[in-house]
Amino acid sequence: MKEYILGVILLSLVCSLFELVAPEGTGGGIKKHIRLVASLCVFCFSIAPLYGFICELGESEMFEYSGDDEAENVYEEIYNKNLSLETEESVEDGCLDILTSEFDLGEEDIDVEIVLSKELLVEYAALVIHPSAISRDPHPIADRLSELLEIECRIIYK
């Protein structure tokens, strides 16, 4: 600590010496710039110990998690399951919007069901045909769904 205080005093003295030696000019001239640089040097030198303190604080074990691995695994499992369900719903809704607009169908005419793997890849896809669309040929719709999802699509009549 003693060395640090002596360093700040020495830096201040050197900066003052430079300011005294600098020539006077109109509007403060170079003295104004020397004063600015000197102030920045003293400021940086003054806050330098804070950087070391922050680095030591980050390396300390005080902020490390030492919790239960089982609880972490349960959390990860719940997170992945919810992510999978949300993704399934989003993909189903997106496919349903595309199919109803391209084939001039109502949302009450068909449904799309998919199942995702743990890697969030489509494992299973089905086109559900409701009674209101029973007279339509489902194969072009199923082919388009297969094309969208890049997987063979099944046709289910409700």
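The paragraphs below set out a description of the structure included in this document. (Residues numbered from 1 in each chain as written. Predicted model: local features only at pLDDT ≥ 70, side-chain atom pairs only at ≥ 80, totals over all residues. Heavy atoms only, no water.)

1. Points about helix H3 (residues 69-102)
With 34 residues, H3 should cover 50 Å at 1.5 Å per step; its first-to-last C-alpha distance of 49 Å lies within 8% of that length. Of all the residues in H3, the buried ones are Ser84, Glu88, Glu92, Cys95, Leu96, Leu99 and Thr100. (Helix = DSSP H or I, 4+ residues; strand = E, 2+ residues; numbered from the N terminus. Expected span 1.5 Å × (residues − 1). Buried < 20%, exposed > 50% of the residue type's maximum accessible area, 1.4 Å probe, protein only.)

2. Thoughts on the environment of glutamate 92
Among the structural elements, glutamate 92 can be located in helix H3. Between the alpha carbons of glutamate 92 and valine 74 there is a distance of 27 Å; along the sequence they are 18 residues apart. Setting aside residues no more than four positions away along its own chain, glutamate 92 makes contact with Val112, Glu113 and Ile114. At 3.0 Å, the side chain of glutamate 92 and the backbone nitrogen of isoleucine 114 are in polar contact. (Contact = heavy atoms within 4.5 Å. Polar contact = N/O pair within 3.5 Å; in protein donor to acceptor, adjacent residues only side chain to side chain.)

3. Regarding the pattern of salt bridges
This structure, assessed with the given rule, holds three salt bridges. Between glutamate 19 and arginine 35 there is a salt bridge whose closest N-O contact spans 2.9 Å. Placement of the pair is glutamate 19 in helix H1 (residues 2-21) and arginine 35 in helix H2 (residues 29-59), with a sequence separation of 16 residues. Given a relative accessible area of 41%, arginine 35 falls into the partly exposed group. Each of Glu102, Arg144 and Glu147 takes part in a single network of salt bridges with overlapping partners. (Salt bridge = Lys/Arg side-chain N within 4 Å of Asp/Glu carboxyl O.)

4. A word on the nonpolar core
By size, the foremost hydrophobic cluster in this structure holds 18 residues, and its most contacted members are Leu99, Ile110, Val112, Leu127 and Leu145. Elements with a minimum of two residues in this core: H3, strand S1 (110-116), strand S2 (122-129) and helix H4 (139-149). Discounting residues that sit within four places of it in the chain, leucine 99 has contacts with Asp104, Leu105, Ile110, Val112, Leu127, Ile141, Arg144 and Leu145. (Core = buried A, V, L, I, M, F, W, Y, C linked by side-chain atoms within 4.5 Å.)

5. Regarding the pairing of S1
Every second residue of S1 is oriented toward a common face, the buried set being Ile110, Val112, Ile114 and Leu116 and the non-buried set Asp111, Glu113 and Val115. The sheet contact formed by S1 and S2 spans seven bridges and is antiparallel. Within S2, the residue paired with aspartate 111 across the bridge is valine 128. Between the antiparallel neighbours S1 and S2 lie five residues, among them leucine 120 with a positive phi of about 60°. (Pairing = 2+ DSSP bridges.)

6. Focus on a nonpolar patch on the surface
A cluster of nonpolar side chains, Phe43, Ile47, Leu50, Phe53, Ile54 and Leu57, forms an exposed patch at the surface whose accessible area comes to about 590 Å². As for its position among the elements, isoleucine 54 is in helix H2. (Patch = residues over 30% accessible without salt bridge, like charges linked within 9 Å, V, L, I, M, F, W, Y side chains within 5 Å. Areas by Shrake-Rupley, 256 points an atom, 1.4 Å probe, with all protein chains shown as cover.)

7. What about the pairing of strand S3 (residues 153-157)?
Where S2 and S3 come together, five bridges link them in parallel fashion. What sits directly across from alanine 125, in S3, is cysteine 153. Considered for its hand, the β-α-β crossover made up of S2, H4 and S3 is right-handed. (Right-handed = clockwise from strand over helix to strand, strands pointing away.)

8. Comments concerning the side chain of lysine 31
By the secondary structure assignment, lysine 31 is in helix H2. Here lysine 31 falls in the buried class, since its relative accessible area comes to 14%.

9. Some points on the sheet that holds S1
Read from one edge of the open sheet, three strands run S1-S2-S3, paired in mixed fashion. On the outer flanks of this sheet lie S1 and S3, each paired with one strand and no other. If you compare each strand with its neighbour and ignore which way they point, the axes differ by 25° on average. Its contacts with the sheet put H3 on S1 and S2, and the angle it makes with S1 is roughly 145°. Lying over the sheet, H4 contacts S1, S2 and S3, oriented at roughly 155° with respect to S2. (Axes fitted to C-alpha atoms, helices over the stretch in contact; angles between N-to-C directions.)

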